[in-house]
Amino acid sequence: MLLLSVIICGVTSFAKAQDADKIIRTYFSGYEKKDWSIVSSQLADGFTFTSPAPDDHIPLATYKERCWGQSNHFKKVEFSKIIANGNSAFAIYNITTTDNKVIRNTEYYTFSNGKIKSIECFFGGSGAGYPTNAK
């Protein structure tokens with residue numbers, strides 16, 4: 001019984017990690033495709049976003065207003081690593097902008113009912129952080 005419990009727990013953890021990976025990749029595919037419906041379909045009720053921009057747990061409407069316009073500058077997103085643990089994950093990724101600049105960020109995600117409940121974005125490198133701030 002103990003072995004069965006350990007196996008089930010391991011399978012559940014693996015499935016959650018795969019789900020987190022898929023959710024994050026789908027979310028960013030919306031940015032690449034300039035399709036808000038893809039992005040919003042991955043976000044849970046009560047979603048919040050935090051970044052040094054400064055954004056402190058802003059709600060979805062404010063996130064869309066302040067951040068969605070950045071999608072116009074996204075050409076490609078490449079993930080260095082997505083590490084999931086239970087209902088949270090970290091992603092390290094590079095954004096290639098439409099003018100071929102590369103921006104590296106890290107984000108911390110929490111999930112609720114198979115959707116992103118919150119994102120905390122940490123700008124990397126020279127501090128460019130998002131496409132319109134790239135130098």
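Just so we're clear, the structure is a prediction, and the values are computed from it rather than from any experiment.

*Asks:* Got a minute to help me understand the pattern of salt bridges in this structure?
*Replies:* If charged atoms from side chains of opposite charge come close, those side chains can pair. Using the criterion set out here, one finds four salt bridges in the structure. Between D55 and R66 there is a salt bridge, with the nearest N and O atoms lying 2.7 Å from each other. Within this pair, whereas D55 is found in strand β2 (residues 55-59), its partner R66 is found in helix α3 (residues 60-67), the two being separated by 11 residues in sequence. Under the relative-accessibility criterion, D55 is labelled buried at 5%. By relative accessible area, which is 46% here, R66 ends up partly exposed. Close ionic contact of D99 with K101 constitutes a salt bridge, the shortest N to O distance being 3.2 Å. On the basis of relative accessible area, D99 is assigned to the partly exposed category, the value being 46%.

*Asks:* What exactly am I supposed to notice about the confidence of the model for the chain here?
*Replies:* Detailed conclusions should not be drawn from predicted coordinates in areas where pLDDT is low. For the chain, per-residue confidence averages 86 on the pLDDT scale, and 78% of positions sit at 70 or higher. Looking over the chain, one finds the lowest element-wise mean pLDDT in helix α1 (residues 2-33), namely 71, and the highest in helix α2 (residues 36-41), namely 98. In this model, residues 6-15 is a region of pLDDT below 50 whose contacts with residues beyond four sequence positions or in other chains number zero contacts.

*Asks:* What am I meant to see in a nonpolar patch on the surface here?
*Replies:* On the surface, I83, F90 and F122 cluster together into a nonpolar patch covering about 290 Å² of accessible area. Within the secondary structure, F90 is located in strand β4 (residues 88-97).

*Asks:* Sorry if this is basic, but what is going on with the nonpolar core here?
*Replies:* General note: in soluble globular proteins, nonpolar side chains tend to be found buried as a group. Counting residues in hydrophobic clusters, the biggest one holds 29 residues, and the most contacted among them are I24, Y27, F28, Y63, Y109 and I116. At the level of elements, α1, α2, β1 (43-51), α3, β3 (74-85), β4, β5 (102-112) and β6 (115-123) are the ones that each hand at least two residues to this core. The greatest single-element share of this core, amounting to six residues, is contributed by α1. With residues up to four places along the chain from it excluded, the contact list for Y109 reads I24, Y27, F28, N87, S88, A89, A91, I116, S118 and I119.

*Asks:* What am I meant to see in unusual backbone geometry here?
*Replies:* Trans peptide bonds make up most of the peptide bonds, and negative phi angles are found at most residues other than glycine. The linkage connecting A53 with the following residue, P54, adopts the cis geometry, with an omega of 0°. Structurally, the position occupied by P54 is in the loop between β1 and β2. Located in the positive-phi region is H57, a residue other than glycine, with phi close to 55°. Take H57: it is sitting in strand β2. Its identity is not glycine, yet N100 carries a phi of approximately 65°, on the positive side. Take N100: it is sitting in the loop between β4 and β5.

Cut-off values and rules
- Residues numbered from 1 in each chain as written.
- Predicted model: local features only at pLDDT ≥ 70, side-chain atom pairs only at ≥ 80, totals over all residues.
- Heavy atoms only, no water.
- Salt bridge = Lys/Arg side-chain N within 4 Å of Asp/Glu carboxyl O.
- Helix = DSSP H or I, 4+ residues; strand = E, 2+ residues; numbered from the N terminus.
- Buried < 20%, exposed > 50% of the residue type's maximum accessible area, 1.4 Å probe, protein only.
- pLDDT = per-residue confidence, 0-100.
- Contact = heavy atoms within 4.5 Å.
- Patch = residues over 30% accessible without salt bridge, like charges linked within 9 Å, V, L, I, M, F, W, Y side chains within 5 Å.
- Areas by Shrake-Rupley, 256 points an atom, 1.4 Å probe, with all protein chains shown as cover.
- Core = buried A, V, L, I, M, F, W, Y, C linked by side-chain atoms within 4.5 Å.

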